[in-house]
Protein chains: 2
Amino acid sequence: MSDSEPQLLHLHTLKASCASCSVLELCLPIGLTGVEVERLDTLIAQRVKVKKGAALYRTGDPLRSLYAVRLGFFKTSVLSVDGREQVTGFQMQGEMLGLDAISTDHYACNAIALEDSEVCPIPFSNLEKLARDLPSLQHNLNKLLSQEIVRDHDMLLMLGNMNADERLAGFLLNLSQRLNRRGYSSRDFVLRMSREAIGSYLGLRLETICRCIAHLREENLVDLQGRNVKILDLPGLRQKVTGCHRHTEL
Amino acid sequence: MSDSEPQLLHLHTLKASCASCSVLELCLPIGLTGVEVERLDTLIAQRVKVKKGAALYRTGDPLRSLYAVRLGFFKTSVLSVDGREQVTGFQMQGEMLGLDAISTDHYACNAIALEDSEVCPIPFSNLEKLARDLPSLQHNLNKLLSQEIVRDHDMLLMLGNMNADERLAGFLLNLSQRLNRRGYSSRDFVLRMSREAIGSYLGLRLETICRCIAHLREENLVDLQGRNVKILDLPGLRQKVTGCHRHTEL
DNA sequence: CAAGCTTGTTGATGTAGCTCAATGTCTTTA
DNA sequence: TAAAGACATTGAGCTACATCAACAAGCTTG
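For every chain, the first residue of the written sequence is number 1, and numbering continues from 1 onward in sequence order. Labels follow written order: the first chain is A, the first ligand is 1, and so on. pLDDT decides what is reported in this predicted model: residues at 70 or higher carry local features, side-chain atom pairs at 80 or more are listed and counted, and totals for whole chains, interfaces and linings draw on all residues regardless. Hydrogens and water are ignored here; the side-chain numbers use all heavy atoms of the structure.

Novice: Which residues make up the protein's contact with DNA strand C, and what are the values?
Specialist: If you check the shell around DNA strand C, you find 18 residues, and the closest are A164(A), R205(A), T208(A), R195(B) and R211(B). Proximity is defined per residue: any heavy atom of the residue falling within 4 Å of a molecule or strand makes that residue near it. Backbone sugar and phosphate groups make up 67% of those atoms of DNA strand C lying within 4 Å of the protein. Between DNA strand C and R211(A) there is a distance of 2.9 Å, counted from a base oxygen to a side-chain nitrogen or oxygen. At a separation of 3.1 Å, a phosphate oxygen of DNA strand C approaches a polar side-chain atom of R227(B). In protein, a polar contact requires one atom able to donate a hydrogen and another able to accept it; more generally it is a pair of N or O atoms within 3.5 Å, and residues adjacent in sequence count only if both atoms are side-chain atoms.

Right, dumping it as C-alpha cells:
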C-alpha cells in the first residue's frame, strides 16, 4: 500500500457552481432546469482539492457527502479481511463517489486521487431532503445508483468469463469511450493508473497486464508506451472484446 | 440455455399485503410505520407466481415494476455479446429484483425462477411518486440500491482475489447467513441452483465446483450430498474465506 | 419401471496466468 | 544532476483451474 500518505484536503475559497460546470451534462444535475440546478448548487458549499495519492475517504468513515469528481481521476478499492486489495473502479470528471456508503452510512471503500483532483461534496442528508422537492433530482440519483450496479455486473462478466487480453481490451475501450464523451480524444490519452491498479481492477497481476499490452502492440491494435495510449485500430479492439471466448480462437 | 421455457406468469387473485408479509422486516418496507406500509400496499395490485424455470423478465424488457421476492428463489444473469452467461446473483425472500433497470428503463439482466416462486410487483413510476411523500420509503430504496453495489463489490473481490475453494466457502457462508436471517437453519439447507449456476456465479466451471465440494467434504467442513448442505464446521468455513491467500498456505 | 434426459462426479491432460527474478526506465527529491 | 525509489518489462518455470471424456445418479415421462 503506497497510498497511505497523509490526507491532504485543501479548501477552495471559490464557490462551486453546477450551472457553470463543464460536466453539468454528465453529472448529478443532468436534465435539471436552471432553477433546479441553482437549488442543487446551494448544497455544495465549496469545492475540495485532493492531492495525488491522498484519500478522499476511507472504508469505515461515516458518510457525510457524496462527491462529484469535477477534475482529476480517482480509484476506489475494497480490502479483504487479510488485506488484499481489489480496485472496484476508476472515476473521472462528472462521476460520483460514495454511492456505496448510503447502504450503511459508512463508506465501504477507499477513494484515492490518482492525480491532483477536485471534487464537489454534496452533503447527503441535504441531498435527500432536496430530492423530495425535486423529483428529477431524485430520479437522477436513482439512475446513478442503478448505473453503478449495471457497471459492476459488466465487470463481473469480465472477471468471470473473459481472458486477460479481452479484459485489457475492454478496459481500454471503456476509458476511451468515457473520455470521448467528455470531449477528449478517444484514440489518444494518458493512463492515470499504474499497471498494478489496472491489474487489480481486472483481476490480474501487473506482469500479466504488461504482457497483454505487448500482445496488443504486436497485433498493431494499440501503441502503448508507458502510460501514453494511442489506439490504432478501434474496430479491431472492439472485436477482441465481443468475440470473448474464454480461451483459444478469435 | 435450458431456461427458455415459455414464460408462465399466473395471476394470483389474493391481494398482496406487506403488513402481513413474513419478510416485512427484510424488504422494501423495513422500518416504515403502519400507515406508510398501508400506502405502499396500495401500489401492489396482486402477487405474481412464476413457475420454476420461467423468466420473470429478460434483458431489454421495459421496466414496469421492481419485484420483491415473496417466496421462492431466483437467479439473475447477464449475457455477453457472444452469448456467454454470467450469473450476477441469487435472490431469496425479501430481496428485490429489477434495480438494475432503473438506469435505462430496461432490465439489464434475465431473472429466472429456480423453483416455483411468488413475487410482489411494485410499479416503479408509482413507487417513485409515493417515495416523494414518504421520505423513509425513498431512503429505503436508496439503501437497497447502495447495498446491491456493496454486494457487487464484494463479488468483484471474490472473483479478483480468491481461489476456487475460498469462493465456494464464501458462497455457502453467504447463503447460510441470509437463510438464517429469514428464520431458517444456517447449518442445514438445500441449494436451489445447479453446480453450473454456482460456477457461473463464482467465475468457475461446474467441474471445479464439484472438486471444491469434494475438498470441503475431505476437510470435514461441510457435508454436501447432491443439493443438500450440512455445514459441520462454521468457524472452519469462515477461516477458509478470511485467510484468503490467492494460492498455498492456510 | 424402463428409457431418456438432466445433473453431478471423477480422472487425465493442457494451458493461461501466477510467481519469482533480473533488469530497465521513469520520477522524485535533495 | 545524482541517487533513490517507484514503476514497467521480460524471461523461465510452476500451478490452479479449464478442458475433454467417461460414467453415475437423480428426475421425468410414457
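Novice: Describe the pairing of strand β9 (residues 117-123) of chain B, and please don't skip the residues or the numbers.
Specialist: All names here are of chain B. Across the seven residues that make up β9, a large majority, six, are buried. Where strand β2 (residues 48-50) and β9 come together, three bridges link them in antiparallel fashion. Looking at β9, one finds that V48 is bridged to V119. Strand direction decides the pairing type here: strand β4 (residues 65-71) and β9, joined by six bridges, are antiparallel. Accessible area is worked out with a 1.4 Å probe on protein chains only. A residue is then buried under 20% of its type maximum, exposed over 50%, and partly exposed in between. Only runs of H or I of at least four residues qualify as helices and only runs of E of at least two qualify as strands under DSSP, and these elements are numbered from the N terminus. When DSSP finds two or more bridges between a pair of strands, those strands are recorded as paired.

Novice: Go over the packing of helix α2 (residues 124-133) of chain A against helix α3 (residues 135-161) of chain A with me, naming the residues and quoting the values.
Specialist: All names here are of chain A. The contact between α2 and α3 brings their axes to 5 Å, and the two run at 125°. The orientation of α2 with respect to α3, classified from their angle, is oblique. Across the interface between the two elements, F124, L127, L130, A131 and D133 from α2 touch P135, L137, Q138 and L141 from α3. Of the residues that constitute the contact of α2 with α3, the class distribution is seven nonpolar, one polar and one charged. For helices, the fitted axis covers only the stretch in contact; all axes are lines through C-alpha atoms, and the angles between them, taken along N-to-C directions, range from 0 to 180 degrees. Roughly parallel means an angle under 35 degrees; roughly antiparallel, over 145; roughly perpendicular, 65 to 115; everything else is oblique. Contacts were defined at the residue level, with two residues in contact if any of their heavy atoms lie within 4.5 Å. Polar here means any residue outside two lists: the nonpolar Ala, Val, Leu, Ile, Met, Phe, Trp, Tyr, Cys and Pro, and the charged Asp, Glu, Lys and Arg; Gly therefore counts as polar.

Novice: Explain the interface of chain A and chain B to me, using residue names and the numbers behind them.
Specialist: Interfaces are often sized by the amount of accessible area the parts lose when they come together. Between chain A and chain B, the contact holds 46 residues from the first and 46 residues from the second. Buried area is understood as the total, over both parts, of accessible area removed when two parts are fitted together, assessed with a 1.4 Å probe. Buried area between chain A and chain B, both sides added, is near 4,400 Å², and the carbon and sulfur share of it is 60%. Three residues, R84(A), H153(A) and L156(A), lead the burial of chain A against chain B; their summed loss comes to 14% of the area buried on that side. Put simply, a salt bridge is a Lys or Arg side-chain nitrogen that is within 4 Å of an Asp or Glu carboxyl oxygen. Applying the counting rule to chain A against chain B returns zero salt bridges. Counting every contact that joins chain A to chain B gives 20 residue pairs in polar contact (both at pLDDT 80 or more). Elements with a minimum of two residues in the side of chain A that touches chain B: β5 (74-79), β6 (85-91), α2 and α3 of chain A. Element by element, the count of residues in the side of chain A that touches chain B is highest for α3(A), at 20 residues. Looking at side-chain class alone, the side of chain A that touches chain B contains 18 nonpolar, 16 polar and 12 charged residues.

Novice: Describe the domain arrangement of chain A, and please don't skip the residues or the numbers.
Specialist: All names here are of chain A. Here chain A is partitioned into domain 1 (6-134) and domain 2 (162-241). Segmentation of the chain into domains, including their bounds, is taken from an automatic or database domain assignment. Computed over C-alpha atoms, the centres of domain 1 and domain 2 are 26 Å apart. Each side of the interface is counted separately: domain 1 has 16 residues, and domain 2 has 14 residues. Both sides of the domain 1 and domain 2 interface together cover about 1,300 Å² of buried area, and 58% of this is carbon and sulfur. Together, L26, F90 and M92 form the three largest contributors to the area buried by domain 1 at its contact with domain 2, with a combined 42%.

Novice: Just give me the short version of the sheet that holds strand β11 (residues 222-225) of chain A, but keep the residues and values in it.
Specialist: Residue and element names in this part refer to chain A. Across the sheet, three strands lie side by side as β10-β12-β11; this open sheet has antiparallel pairing. Looking along the sheet, the strands with just one partner apiece sit at the ends: β10 (188-190) and β11. The sheet shows a mean angle of 15° between the axes of neighbouring strands, taken without regard to direction. Bridge count for β11 against strand β12 (residues 228-231) is four bridges, and the pairing is antiparallel. In the strand pairing of β12, L224 is matched with V229. Its contacts with the sheet put helix α4 (residues 164-181) on β10, β11 and β12, and the angle it makes with β10 is roughly 105°.

Novice: Lay out the nonpolar core in plain terms, naming residues and giving numbers.
Specialist: What is meant by a nonpolar core is a set of buried Ala, Val, Leu, Ile, Met, Phe, Trp, Tyr and Cys residues, joined one to another through side-chain atoms within 4.5 Å. One finds L127(A) and L127(B) to be the most contacted residues of the largest nonpolar core, which totals 87 residues. Sequence-distant contacts of L127(A), defined by excluding residues within four places in its chain, comprise L28(A), L40(A), L43(A), L66(A), I122(A), L137(A) and L141(A). L224(A), I231(A), L179(B) and I231(B) belong to the second largest nonpolar core, which has 76 residues in total.

Novice: Describe the protein's contact with DNA strand D, and please don't skip the residues or the numbers.
Specialist: Residues in contact with DNA strand D amount to 18 residues; listed here are only the nearest, R195(A), A164(B), R205(B), T208(B) and R211(B). Counting only the atoms of DNA strand D that lie within 4 Å of the protein, the sugar and phosphate share comes to 69%. In this structure, a phosphate oxygen belonging to DNA strand D sits 2.7 Å away from a side-chain N or O atom of R195(A). At a separation of 2.7 Å, a phosphate oxygen of DNA strand D approaches a polar backbone atom of A164(B). When residues in the surface near DNA strand D are grouped by element, the largest group, four residues, is from helix α6 (residues 206-218) of chain A. In terms of residue class, the surface near DNA strand D is built from four nonpolar, six polar and eight charged.

Novice: Any chance you could break down the sheet that holds strand β8 (residues 110-113) of chain B for me, citing the residues and the numbers?
Specialist: Within the open sheet, the four strands sit side by side as β3-β8-β5-β6 (chain B). Their pairing is antiparallel. Edge strands, defined here as strands with exactly one partner in the open sheet, are β3 (55-57) and β6 (85-91) of chain B. When the angles between neighbouring strand axes are averaged without regard to direction, this sheet yields 30°. With six bridges joining them, strand β5 (residues 74-79) of chain B and β6(B) adopt antiparallel strand pairing. Bridge pairing links V78(B) to Q86(B) in β6(B). Across the sheet, α3(A) is in contact with β5 and β6 of chain B; its angle to β6(B) comes to roughly 125°.

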